[in-house]
Amino acid sequence: MLRGLYTGANGMISQQVRMDVVANNLANVDKTAFKKDTTVFKTFPEMLLHRYSEDGIGKTPMGSFDTSPVVGKLGFGAEVNEVYTRFEQGAVKKTDNIFDLMVQDQPGMEKPAFFSVLTNRGERLTRSGSFVLDKNGFVVTPQGFPLLGEKGPIQVNQGNFLVKENGEIYINAKLGTAPKDGTNFSENRFEDPVLLDKLKIRTVENPRHLDKEGDSFYSDTPESGEPTAFPERLAPQVLQGYLEASNVSVVTEMVDMIEVNRAYEANSKTMQTQDSLLGRLFEIMR
C-alpha cells in the first residue's frame, strides 16, 4: 500500500511541474519571440527489494543459501526528466518600425539563430528583435542593453539605419551618426551609403542546453557550446520592420492544462484510496 502512496505522490509532483510550465507558456503567449517549454518525464528509478530483517549467508552441509532473498523490483511511478525549450520559429509580424528586426531561419537550418546583446552580465543571446534607439544613438533592447555588431555596439541616428537581409548595416554618410543629425526614415534617400557594421548573429552546437534567463535572454553553457557564427551558405536572413511572434499555441496549451488537471486529480484519488485502505488495515490489526 505504501507503494501506491509513493506512486501517487510522485505523479502529483510531476504534474505540478508540468502545470507550472504550461502556465508560464500561456503567460508569455504575446511576448516577442518567446519559445515554449516542454516537460519530459521518465520512470522513477526502480528499487530492488530484499526480504526484511534477514541478512547474511546461511550455511548447510550441501553449501549455502541467501537469508536475504530478493523479493522483486518496486517502481514509484514517474518523475520529471527535464524541461527543455523548443526553438521552432514563430509567426512573422509586420510592424514597419525600422528598429524592429527578425531573424528568419532558412530551410535546412538545424540550429536557431540569435542576436547578440551586451548585458550587465556579459554577452547574451536573444531571438527578440524589438529594439529602440537611446539618447546616445545606440540601438538597445527595451531594458537598455546594446545590440551588438561584429565591431561592437551599434550607434546610428534616427532614420539613418538600414539593415540588409545578410545583416549588413548601412547608413547615409551625409547624415552621419550624431543623434542631432537624425531625420525621418522615409525622407532618407541613402545617397551616400556606407557599410557601418554587420549584425552579430550567432548559434550554438546544442541549443536545448541553453540557460533561459529573463527578458528573452539565453546564456550559453558548457553543454550547449560557445556561440559561433553561421557558415555563409547557411546564414539566416534578417528582416527589418518585422518581429517574430511566440511559438506558443493557446489551444494546445489549454488542452495540456486540462490533461494535467485530470492526471493530478487521478493521482490525488489514488492517494486517498491508499490512505483509506491503510486506515482499515490498522483498524483490523488493533
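Residues numbered from 1 in each chain as written. Predicted model: local features only at pLDDT ≥ 70, side-chain atom pairs only at ≥ 80, totals over all residues. Heavy atoms only, no water.

An unreviewed UniProt entry annotates the chain as Flagellar hook-basal body protein originating from Leptospira noumeaensis. Among the UniProt annotations of the chain, the heading Sequence similarities (unreviewed entry) holds the following wording: "Belongs to the flagella basal body rod proteins family." The chain has a UniProt comment under Subcellular location (unreviewed entry) that states "Bacterial flagellum basal body". (UniProt positions renumbered as here; feature names shortened; annotations may be inferred.)

(A) A look at the UniProt feature "domain: Flagellar basal-body/hook protein C-terminal" (unreviewed entry) in the chain. When the UniProt feature table is mapped to this numbering, "domain: Flagellar basal-body/hook protein C-terminal" (unreviewed entry) covers residues 240-281. When the span residues 240-281 is considered, its composition is 76% helix and 10% strand, and the gap between its end C-alpha atoms is 71 Å. (Helix = DSSP H or I, 4+ residues; strand = E, 2+ residues; numbered from the N terminus.)

(B) Layout of the nonpolar core. Ranked by size, the top nonpolar core spans 23 residues in total, and within it Phe-161 and Leu-199 carry the most contacts. With sequence-adjacent residues up to four places away left out, Phe-161 is seen in contact with Ile-98, Phe-99, Leu-101, Val-139, Ile-154, Val-156, Ile-169, Tyr-170, Phe-185, Phe-190 and Gln-240. Counting residues in hydrophobic clusters, the runner-up holds six residues, among them Phe-87, Leu-125, Val-204 and Tyr-218. (Core = buried A, V, L, I, M, F, W, Y, C linked by side-chain atoms within 4.5 Å. Buried < 20%, exposed > 50% of the residue type's maximum accessible area, 1.4 Å probe, protein only. Contact = heavy atoms within 4.5 Å.)

(C) Region of the structure containing the sheet that holds strand 17 (residues 193-198). Across the sheet, which stays open at both edges, the three strands sit in the order 15-16-17 with antiparallel pairing between neighbours. With partners counted over all chains shown, the strands left at the sheet margins are strand 15 (162-163) and strand 17, one partner each. Across two bridges, the pairing between strand 15 and strand 16 (residues 168-172) is antiparallel. Directly across from Leu-162, in strand 16, lies its bridge partner Tyr-170. (Pairing = 2+ DSSP bridges.)

(D) Expanded view of unusual backbone geometry. A positive phi angle is found at Ala-33, which is not glycine, with a value near 60°. Within the element layout of this structure, Ala-33 appears in the loop between helix 1 (2-27) and strand 1 (37-43).

(E) Inspection of the packing of helix 1 against helix 2 (residues 250-285) at higher detail. Where helix 1 contacts helix 2, the two axes come as close as 8 Å, and the packing angle between them is 160°. Looking at the two axes, helix 1 sits roughly antiparallel to helix 2. Considering the relative orientation of helix 1 and helix 2, their crossing is left-handed. (Axes fitted to C-alpha atoms, helices over the stretch in contact; angles between N-to-C directions. Parallel < 35°, antiparallel > 145°, perpendicular 65-115°, else oblique. Left-handed = near helix turned anticlockwise from the far one by under 90°.)

(F) Region of interest: a negative patch on the surface. A surface patch of negative charge is lined by Asp-211, Asp-220, Glu-223 and Glu-226. Along the polypeptide, Glu-223 turns up in the loop between strand 20 (217-219) and strand 21 (237-240). (Patch = residues over 30% accessible without salt bridge, like charges linked within 9 Å, V, L, I, M, F, W, Y side chains within 5 Å. Areas by Shrake-Rupley, 256 points an atom, 1.4 Å probe, with all protein chains shown as cover. Salt bridge = Lys/Arg side-chain N within 4 Å of Asp/Glu carboxyl O. Lys, Arg positive; Asp, Glu negative; His and termini not counted. Charge placed at Lys NZ, Arg CZ, Asp CG, Glu CD.)

(G) Just the pattern of salt bridges, in detail. Within this structure, the stated rule accounts for 19 salt bridges. Here Glu-244 and Lys-35 are joined by a salt bridge, their closest N and O atoms 2.4 Å apart. With a gap of 209 residues between them, Glu-244 in strand 22 (residues 242-244) and Lys-35 in the loop between helix 1 and strand 1 connect regions that are remote in the sequence. Residue classification places Lys-35 among the buried residues on the basis of a relative accessible area of 0%. For Arg-86, the salt bridge is made with Glu-88, and the minimal N-O distance between the two is 3.1 Å.

(H) Region of interest: the side chain of Thr-32. By the secondary structure assignment, Thr-32 is in the loop between helix 1 and strand 1. With residues up to four places along the chain from it excluded, the contact list for Thr-32 reads Ser-128, Gly-129, Ser-216, Leu-243 and Glu-244.

(I) Just the domain arrangement of the chain, in detail. When cut into domains, the chain gives domain 1 (1-85 + 249-285) and domain 2 (96-245). Each of domain 1 and domain 2 has a C-alpha centre, and these two points are 45 Å apart. Across the boundary between the two partners, domain 1 contributes nine residues, which contact eleven residues of domain 2. Buried surface at the junction of domain 1 and domain 2, both sides included, amounts to about 920 Å², of which 44% is carbon and sulfur. (Domains from an automatic or database assignment. Buried area = accessible area lost by both parts, 1.4 Å probe.)

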